Number of protein chains: 2
Amino acid sequence: MRLPLQALFANFGNSTNQLFLTPIMSLRNEQMAGRLSGVKEIARRANVSIATVDRVIHNRKGVSETTRQKINEIIQEIGFQPNILASRLASKKTNRFAVLIPDARETDYWKASLDGIERAYQEIKQYGVFLDRYLFDLNDKSTFVKYVNDMLKGSYDGVVMAPSFIEEAASFASACADRQIPYVFINSDVPNRDSLTYIGPHLYQSGYQAGQLIRFGLKQGKVLIVNISKEIDAYHHLLRKEEGFRQYMENTNTPEAPIRVEKIDITNTTDEAIQDALDTFLKEHTDIDAFFVTNSRVKSVAKYLRNTARQHRILIGYDLSEENIEYLKDGTIDFLIGQKPEEQGYLGVMSLFQHVVADKKIAKEQYMPIDIITKENFEFYKN
Amino acid sequence: MRLPLQALFANFGNSTNQLFLTPIMSLRNEQMAGRLSGVKEIARRANVSIATVDRVIHNRKGVSETTRQKINEIIQEIGFQPNILASRLASKKTNRFAVLIPDARETDYWKASLDGIERAYQEIKQYGVFLDRYLFDLNDKSTFVKYVNDMLKGSYDGVVMAPSFIEEAASFASACADRQIPYVFINSDVPNRDSLTYIGPHLYQSGYQAGQLIRFGLKQGKVLIVNISKEIDAYHHLLRKEEGFRQYMENTNTPEAPIRVEKIDITNTTDEAIQDALDTFLKEHTDIDAFFVTNSRVKSVAKYLRNTARQHRILIGYDLSEENIEYLKDGTIDFLIGQKPEEQGYLGVMSLFQHVVADKKIAKEQYMPIDIITKENFEFYKN
DNA sequence: TATAGTTTCGGGTACGTACCCGTAATGGTG
DNA sequence: CACCATTACGGGTACGTACCCGAAACTATA
């Protein structure tokens, strides 16, 4: 039995001051208030029926201005908050959401994201929410397009999507906007689109953070940035991380302790191709001290470094995949930067719910913490 | 691949009996709401009344063994999950919880914890839960004892406490156990007490993590551990961190690159006393490269280092207090280890709720992630 | 077999809110 | 002043579950 715990009331009210003054007595008051608050009490005080109070609460017509004001005053006075349990139970209203994310076959990053989506769904489905999941093939843009068309026919009340294919995602977003359907981007953003919210990493800053870690451990020397990506769209995101990383180095470089930055792009993502590319490059550049891999493919670099027993000082990459953690454990990888895919999925669905069902304000950007994961603390993190 | 949601309900579509009697719209609603799986449906299938189904669900007596089995089978078959909204609405049952944590005047660590508690309370109070907050004075053990006595008189259904005074907390725990009241420890544990759960940092491991960070940046040299605490109880917790830290150094020390560890205990926590103590110590030990402060008092060490413009390589401490963040921003502090007090408070209350109200299994230990906070990523973390 | 005691079960109402439907009050028009 | 359209409002039922109360069925005993 799962409870919709975090479903509602996401307001982070820090009005704790009163508590310091009256630590104990607060209960009695609230209990009292709990007993005689509610539409019935409002109706009694305003000398009207429950139905009229209900009309005021929901801004429906059919109430005289005098009565409306009187009721609103009482609502303010007793600080009425509707009982969502009863409310949602009584209204037979349902909502349909859809998510569009990559299929999880290739990586457990998207597996984690889907887990978060499921977790959110378990919590909110009792409130009369339905959720369809569309899992497209990252290697086949046409599946993305196909699902987009399906979704547009489905008349959903909200959409969560990972805009892996930027162009197509942008036009989908436009279509949603036309239909007044709120949409949420997770994992990566599409600039200049009026999404309900973006939930994901701050790419630039996470690269910047990687820079700090490398400089902290290296002091001076030569760093190699490794971009491994087949998809040109995804590549765009890697660039943002690279920018941040380079900027950090630039900001902190001094003549006495310089750090030089090299870079390699690998677009064939088979393991052999990656090993070959690294081998070729490193035969020519024997003085690389540290590696910054801009995504979860860091495992392939780790594999190379371990297999060749190549001397290196630092290896940093992204994401808590099982393979990556293995290399973290054996010391090949020094740091992993976590992007909380599970949390992204969870928040994506929840944000929609908060907006559509609970009518809450949603922050335009919800950046994930830039988790620094090491051999010493990884076991306290979930992906 | 699209996962068809309808599949979930496919099993229930064939029962035609009721459909003829029921108007189409009602059926439609039921289908939409996924409510062909409630007590009513079970009652219909078992050919009994709702009341009897209810008796089985709540293990009440007054049902023949035959009927009970039959109903249980149906419950299994359709995977019945009670609607918590309706359930909690119908039962007038209420629960009363209490929290006992330090007053937030001295530090915003406990402020954050209380925020988390409030956030949890906002979410669960509609389920008929009431919460009392007792905020004791960390400098006055008698307030702790006083509140403990108050709480024992209050006949609560559950308690969350920060066992700052170990002895007193332990005997309180015993008293709760006698009264069958579940209790949760947050922030620090009391060994050998059968608490519902412990929610807080893994002290030893967080010290171990600090060790990794210092070695990563320092390679070799001399480190000073700084324990600043007036309370002998709290001091015990600092020791656990120190142990972990020392163990890491021991595990990784090599003759070529040794790191030596010094230590200072400061028991007078006024700012002047701390400054004096540090000054005295460092006048005699001029070769300290790095500092590990075992709690949030790291700000005082940072203040000293900045004011004296003392050359140092690394400063690590605990907690995201505003002051600490200031020193993080200006580079005096290199790393802060976060212990998620807000999350601790939230989970403390929620765990109690899950256990008492929702009857869910709770993990015996819920360790917080050991967040590594830097100048580059702090803005993505809440305390 | 009548009676009392026990077990087993169903009807019905309540929880707090949503919303349909019917009616009284109001306003405007000839 | 009669008529109708419109506005303002109240009564009542439903949502899915909890639980009270009383009735039926069964068992045991004389």
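Because the structure is a prediction, the values reported are computed rather than measured. Counting restarts for each chain: residues are numbered from 1 in the order of the written sequence. For this description, chains carry letters from A and ligands carry numbers from 1, given in the order in which they are written. This being a predicted model, a pLDDT of at least 70 is required before a residue's local features are given, and a value of 80 or more before pairs of side-chain atoms are given or counted; all residues contribute to the totals for chains, interfaces and linings. Only hydrogens and water are set aside when side-chain values are computed; all heavy atoms of the structure are taken into account.

A.B. asks: How should the overall build of chain A be read in this particular structure?
C.D. replies: Numbering goes from the N terminus for both helices and strands, where a helix is a DSSP run of H or I of at least four residues and a strand is a run of E of at least two. Counting its regular elements, chain A contains 15 helices and twelve strands. For each residue, the accessible area found with a 1.4 Å probe, counting protein chains only, is set against the maximum for its type, and the residue is called buried under 20%, exposed over 50%, and partly exposed in between. Looking at chain A as a whole, 54% of its 383 residues are labelled buried. Partitioning the contacts of chain A with sequence separation of at least 6, the portion at a separation of at least 24 is 69%. Only the protein chains shown count as cover for residues, with accessible areas throughout obtained via the Shrake-Rupley method and a probe of 1.4 Å. For chain A, the computed accessible surface area is about 17,300 Å², with 48% contributed by carbon and sulfur atoms. Here a residue-residue contact requires only that any non-hydrogen atoms of the pair lie within 4.5 Å.

A.B. asks: For this particular structure, what's the right way to read the protein's contact with DNA strand C?
C.D. replies: A cutoff of 4 Å decides nearness: a residue is near a molecule or strand if any of its heavy atoms lies inside that distance of it. Close contacts around DNA strand C come from 25 residues, with A:Asp54, A:His58, B:Ser49, B:Arg55 and B:Thr67 the closest. Within 4 Å of the protein, the atoms of DNA strand C are drawn from sugar and phosphate moieties in a proportion of 65%. For the purposes of these results, a polar contact is taken to be a pair of N or O atoms within 3.5 Å, where, inside protein, one atom must be able to donate a hydrogen and its partner to accept one; residues adjacent in sequence count only when each atom of the pair is a side-chain atom. Take A:Asn83: an N or O atom from its main chain is 3.3 Å from a phosphate oxygen of DNA strand C. All amino acids are sorted into three groups, where Ala, Val, Leu, Ile, Met, Phe, Trp, Tyr, Cys and Pro are nonpolar, Asp, Glu, Lys and Arg are charged, and the leftover types, Gly among them, are polar. Residues of the surface near DNA strand C, tallied by class, amount to eleven nonpolar, eleven polar and three charged.

A.B. asks: Sorry if this is basic, but what is going on with the environment of B:Asn227 here?
C.D. replies: Residue and element names in this part refer to chain B. Within the fold, Asn 227 resides in strand 7 (residues 221-228). Of the residues examined, Asn 227 reaches a relative accessible area of 1% and is grouped as buried. In this structure, the C-alpha to C-alpha distance between Asn 227 and Ile 266, residues 39 residues apart in sequence, is 6.0 Å. Apart from residues lying up to four places away in sequence, Asn 227 is in contact with Tyr 235, Leu 238, Glu 242, Lys 263, Ile 264, Asp 265, Ile 266 and Thr 294. In terms of polar contacts, Asn 227 uses its side chain to reach the side chain of Glu 242, at 2.9 Å.

A.B. asks: Help me understand helix 13 (residues 271-284) of chain B in this model?
C.D. replies: Three- or four-residue spacings in an α-helix give side chains the same orientation, since the helix completes a turn every 3.6 residues. Residue and element names in this part refer to chain B. Look at helix 13: 20 Å from first C-alpha to last across 14 residues, which is about the 20 Å you get at 1.5 Å a residue. Listed as buried for helix 13 are Ala 273, Ile 274, Gln 275, Leu 278, Phe 281 and Leu 282. Buried residues in helix 13 make contact with strand 7, strand 8 (259-266), strand 9 (290-293) and helix 14 (298-307). Given the number of residues in a helix, its expected span is that number minus one, multiplied by 1.5 Å.

A.B. asks: What should I look at first to understand the nonpolar core in this one?
C.D. replies: A general trend in soluble globular proteins is that nonpolar side chains are found buried together. To form a nonpolar core, buried Ala, Val, Leu, Ile, Met, Phe, Trp, Tyr and Cys residues must be joined to one another through side-chain atoms within 4.5 Å. Ranked by size, the top nonpolar core spans 62 residues in total, and within it A:Ile101, A:Ile186, B:Ile101 and B:Ile186 carry the most contacts. Counting residues in each nonpolar core, the second largest holds 44 residues, with A:Phe245, A:Ile259, B:Phe245 and B:Ile370 among its members.

A.B. asks: Help me understand the sheet that holds strand 7 of chain B, please; the structure alone is not making it clear to me.
C.D. replies: Across a sheet, paired strands are connected by hydrogen bonds in the backbone, their directions being either parallel or antiparallel. Residues and elements named next belong to chain B. Two strands qualify as a pair provided DSSP detects at least 2 bridges between them. The six strands lie next to each other as 8-7-9-10-11-13, forming an open sheet whose pairing is mixed. With one partner strand each, in any of the chains shown, strand 8 and strand 13 (371-373) form the two edges of the open sheet. In this sheet, adjacent strand axes meet at a mean angle of 20° when their direction is disregarded. Lying on the sheet, helix 13 is in contact with strand 7, strand 8 and strand 9; it crosses strand 8 at an angle near 145°. Of the strands in this sheet, strand 7, strand 9, strand 10 (314-318) and strand 11 (335-338) are in contact with helix 14, which crosses strand 10 at around 155°. Throughout, an axis means a line fitted to C-alpha atoms (over the contacting stretch in the case of helices), and angles, computed between N-to-C directions, take values from 0 to 180 degrees.

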